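Summary of the model geometry
If you want the building blocks of each chain, they are given just below.
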Amino acid sequence: MTTTDDIGPTSYSFVSQRLRLNYLDWGNPEAPTLILVHGGRDHARSWDSIARALRTEWHIIAPDLRGHGDSGWSPDGVYSMPFFICDLAQLVHQQGSAPVTIVAHSLGGIISLRYAGLFPERVRKLVAIEGLGLGQSPDDASTDAFVNRWRKWIDERRALSSRTPRRYASIDEALERMRSENRHLSEDQARQLTIHGVNRNEDGSYSWKFDNYLRSSPPLDISTAELHALWNRIECPTLLAYGNDSWASNPATDGNAAHFRTATVKTYDNAGHWLHHDRFDSFLADLRAFL
């Protein structure tokens, strides 16, 4: 007998800035909308466990960011923050269910926090898992710093033009690469992430779905002061989650949490950057309580 929990999501597409993007809909459209936004070089199916646990309470939408998963790749290979934010804004607008609740990881958190600062009336609650970025430092407006950023970016782009996506002979070979990135993952978690994270090439090998040009970030962004001002515009309750084994800086101790009006910081032992996988049960319990 097939139950609702056994049925996977339905894939849909929408267009943002002339690019066709993919998103998953887990059903239950009469429930309030919960948008799950994955991190860099990841994909929407990384939220499957969270989505299955919450699908009876929420209408869950999980997009593939541009250049990721089953979404289109930017034709010029440039992946700048304004376009990521515009894509999220278009998805929320198209769903017509604002204010929405958002749970986001890493790059998805960076995008979602800025979106919530730009459109505070459209977000009901927000959870950002290690989503503040690499940490802010004082802006350096010197000519040397400006030139160095641009030269580095141009060198990265030139290098990427000759880089071909790595090919794996089998799913198991790609799986081992996935597990080497996060040793906290169980075998089942790593296999699920790998299966949905690769495409099969014509020669039978496998490559990751994400665009290699995502490895290079544009040399321009908003200033640190502007970023802090955006965070301060967020009106909804906000949870900032961090793994104690992660490389990411804890906003409760580095001062970044002070730029939010209503942010709570929650940390997890024995968890790295992907704490929603590493400590799934604990995170899910905290997520339910927060939502």
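So, here's what we can say about the structure. In this text the structure is predicted, and so the values were computed from the model without any measurement.

One open sheet holds the 8 strands; their spatial order is β1-β2-β4-β3-β5-β6-β9-β10, and the pairing between them is mixed. The open sheet has two edge strands with one neighbour each: β1 (10-16) and β10 (263-268). This sheet shows a mean twist of 20° between the axes of neighbouring strands, independent of strand direction. Pairing of strand β9 (residues 238-243) with β10, which is carried by 6 bridges, proceeds in the parallel orientation. Paired with Tyr242 across the strands is Thr267, a residue of β10.

Moving on: unusual backbone geometry. In this chain, Ala98 is followed by Pro99 through a cis amide linkage whose omega measures 5°. With a phi close to 60°, Arg41 is a non-glycine residue in the positive phi region. The topology assignment puts Arg41 in the loop between β3 (33-37) and α1 (48-54). Exposure remark for Arg41: the relative accessible area of 46% places this residue in the partly exposed category.

Looking now at the pattern of salt bridges. The tally for this structure, following the rule as stated, stands at 13 salt bridges. Residue Arg191 pairs with Asp172 through a salt bridge whose shortest N-O separation is 3.0 Å. Pair noted here: Arg191 is in helix α6 (residues 187-195) and Asp172 is in helix α5 (residues 171-181), with a separation of 19 residues, a long-range link. Taking the relative accessible area as the measure of exposure, Asp172 reaches 47% and is therefore partly exposed. Linked by salt bridges that have partners in common, Asp172, Arg179, Glu187 and Arg191 make up one network.

Moving on: the packing of aromatic side chains. As enumerated under the stated definition, the model contains 9 aromatic pairs in all. Look at Trp231 and Phe260: their rings are 5.1 Å apart centre to centre, the planes differ by 15°, and that puts the pair in the stacked class. With Trp231 in helix α7 (residues 224-233) and Phe260 in the loop between α8 (251-254) and β10, the pair connects residues that are 29 residues apart, well separated along the chain. An aromatic cluster is present here, built from Tyr12, Phe14 and Tyr23 joined pairwise through their rings. If you follow Lys266 out to its NZ or CZ, it ends over the ring of Tyr268, 5.7 Å from the centre.

The rules behind these values
Residues numbered from 1 in each chain as written. Predicted model: local features only at pLDDT ≥ 70, side-chain atom pairs only at ≥ 80, totals over all residues. Heavy atoms only, no water. Pairing = 2+ DSSP bridges. Helix = DSSP H or I, 4+ residues; strand = E, 2+ residues; numbered from the N terminus. Axes fitted to C-alpha atoms, helices over the stretch in contact; angles between N-to-C directions. Buried < 20%, exposed > 50% of the residue type's maximum accessible area, 1.4 Å probe, protein only. Salt bridge = Lys/Arg side-chain N within 4 Å of Asp/Glu carboxyl O. Phe/Tyr/Trp six-rings, centres within 6.5 Å; stacked < 30°, edge-to-face > 60°. Lys NZ or Arg CZ within 6 Å of the ring centre and 35° of its normal.

So yeah, pure geometry; function would need other evidence.
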